[in-house]
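Coordinate inspection notes
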Amino acid sequence: MALLFAPLTALASGASVHLDKAPDVQGDKAALQSGARTFVNYCLNCHGASFVRYNRLTDLGLTEQQIKENLMFTAVKTGETMRISARPEEQKIWFGAAPPDLSLVARARASEDGSGADWLYTYLRSFYVDENRPTGWNNTLFANVGMPNVLWQLQGQQVLNKEHHLELAVPGTLTPAEYDKQVGDLVGFLVWLAEPDAGFRKKIGFGVLAFLVVLFAFAYPLKKAYWKDVK
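Under an unreviewed UniProt entry, the name given to the chain is Cytochrome c1, and the organism recorded is Candidatus Accumulibacter contiguus.

In structure tokens form, the structure reads like this:
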């Protein structure tokens, strides 16, 4: 019993962190398309999504022609996976570690503190200028992270004030509200990447539950009929 509950004890003893609630945009195709555009332009340079093919983006309401013209910079055919051109060994030399594939990051980052979407939403809004870091950036959620703030032109430059709270020192091209919206769309797209068929799975789940309710309506009277003579 002790060995059985040991992992739960270790998990509960970890330091708790505050995560901001990410907006749920899974039913908003326009938001997911916006997130796909941000992902391709800012993330796909270093991070791949090798478990997903470009033609799956048609599920978001895009045509294959739109995908080819606007979202495909590292592939030729829409049937190819969303890979990057850089080799992992090269990235390890450049960054100290190869940037992870983001296909399942929205699920991998889930914890007792919140969902993976909450973690990503908080993380992408928590960068600040740190001259002591090699990239010039640090993060309040992921201390000493090797990744720079690739969205700094949109967000601007944040600094830590005397109270160790984030403060916008240099505005970006977007207002804070607009930036939060764009990050929310990007996180929503990463959630979709982790399971493109999640919506279909949920529909099947409701259908199965409805079937079981109908089945119970017939099975219970049948059970009573079988057992009345036994009793």
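On to the packing of aromatic side chains. Summed over all chains, the structure comprises 7 aromatic pairs. Each ring, one from Trp119 and one from Phe142, has its centre 6.4 Å from the other, and the planes form 65°; the classification is edge-to-face. Of this pair, Trp119 sits in helix α6 (residues 116-123) while Phe142 sits in the loop between β4 (137-139) and α7 (152-155), and the two are 23 residues apart along the sequence. Looking at Arg109, its charged tip hangs above the ring of Trp119, at a distance of 4.1 Å from the centre. The lysine or arginine in question, Arg125, covers the ring of Tyr121, its NZ or CZ lying 4.3 Å from the ring centre.

Further remarks concern the nonpolar core. Counting residues in each nonpolar core, the largest one holds 47 residues, and the members touching the most others are Phe39, Tyr54, Leu57, Met82, Val187, Phe189 and Leu193. Counting residues per element, this core draws most heavily on helix α8 (residues 176-194), which supplies 9 residues. Other than its neighbours up to four places away in sequence, Met82 contacts Phe39, Val40, Leu44, Gly48, Ala49, Ser50, Val52, Tyr54 and Leu193.

Right, let's talk about helix α2 (residues 29-43) for a bit. With 15 residues, α2 extends 20 Å between its outermost C-alpha atoms, agreeing within 8% with the 21 Å of an ideal straight helix rising 1.5 Å per residue. For α2, the full list of buried residues reads Ala31, Leu32, Ser34, Gly35, Ala36, Thr38, Phe39, Val40 and Cys43. Where α2 is buried, its residues meet β1 (49-53), β2 (81-82) and α8. Between the side-chain oxygen of the N-cap and the backbone nitrogen of Ala30 there are 3.2 Å, and the N-cap of α2 in question is Asp28.

This next bit is on unusual backbone geometry. Residue Asn144 is not a glycine yet carries a positive backbone phi of 60°. Among the secondary structure elements, Asn144 is positioned in the loop between β4 and α7. Exposure remark for Asn144: the relative accessible area of 47% places this residue in the partly exposed category. Of note, His164 is a non-glycine position whose phi angle comes to about 60°, a positive value.

Across all of its chains, the model carries 9 salt bridges by this definition. Between Glu195 and Arg201 there is a salt bridge, and its shortest N-O distance comes to 2.6 Å. Judged by its relative accessible area of 22%, Glu195 is partly exposed. Take Arg201: its relative accessible area is 44%, and that puts it in the partly exposed class. Sharing partners across several salt bridges, the network here consists of Asp20, Arg125 and Asp180.

Conventions and cut-offs
The residue numbers shown here count from 1 along each chain, following its written sequence. It should be noted that, the model being predicted, local features are given only for residues of pLDDT at least 70 and side-chain atom pairs only at 80 or more, the latter also being counted only at that level, while totals for whole chains, interfaces and linings use all residues. Each side-chain value is worked out from all heavy atoms of the structure, with water and hydrogens disregarded. Any two rings among Phe, Tyr and Trp, with Trp reduced to its six-membered ring, count as a pair given centres within 6.5 Å; such a pair is stacked if its planes are under 30 degrees apart, edge-to-face if over 60, and tilted if neither. The way it works is that DSSP assigns letters per residue, a run of H or I at least four long becomes a helix, a run of E at least two long becomes a strand, and they are numbered from the N terminus. The rule is short: NZ of Lys or CZ of Arg within 6 Å of the ring centre and within 35 degrees of the ring normal puts a charge over the ring. Nine residue types can take part in a nonpolar core, namely buried Ala, Val, Leu, Ile, Met, Phe, Trp, Tyr and Cys, and a core is a set of them joined through side-chain atoms within 4.5 Å. Buried, partly exposed and exposed residues are distinguished by accessible area as a fraction of the type maximum, computed with a 1.4 Å probe on protein chains only: under 20%, between the cut-offs, and over 50%, respectively. In what follows, residue pairs with any heavy atoms lying within 4.5 Å of each other are defined as contacts. For a helix, the expected span equals 1.5 Å multiplied by the number of residues minus one. Any pair of nitrogen or oxygen atoms within 3.5 Å is treated as a polar contact; in protein, a donor-acceptor pairing is required on top of that, and neighbouring residues in sequence qualify only through side-chain atoms on both sides. We define a salt bridge as a contact between a side-chain nitrogen of Lys or Arg and a carboxyl oxygen of Asp or Glu at a distance within 4 Å.

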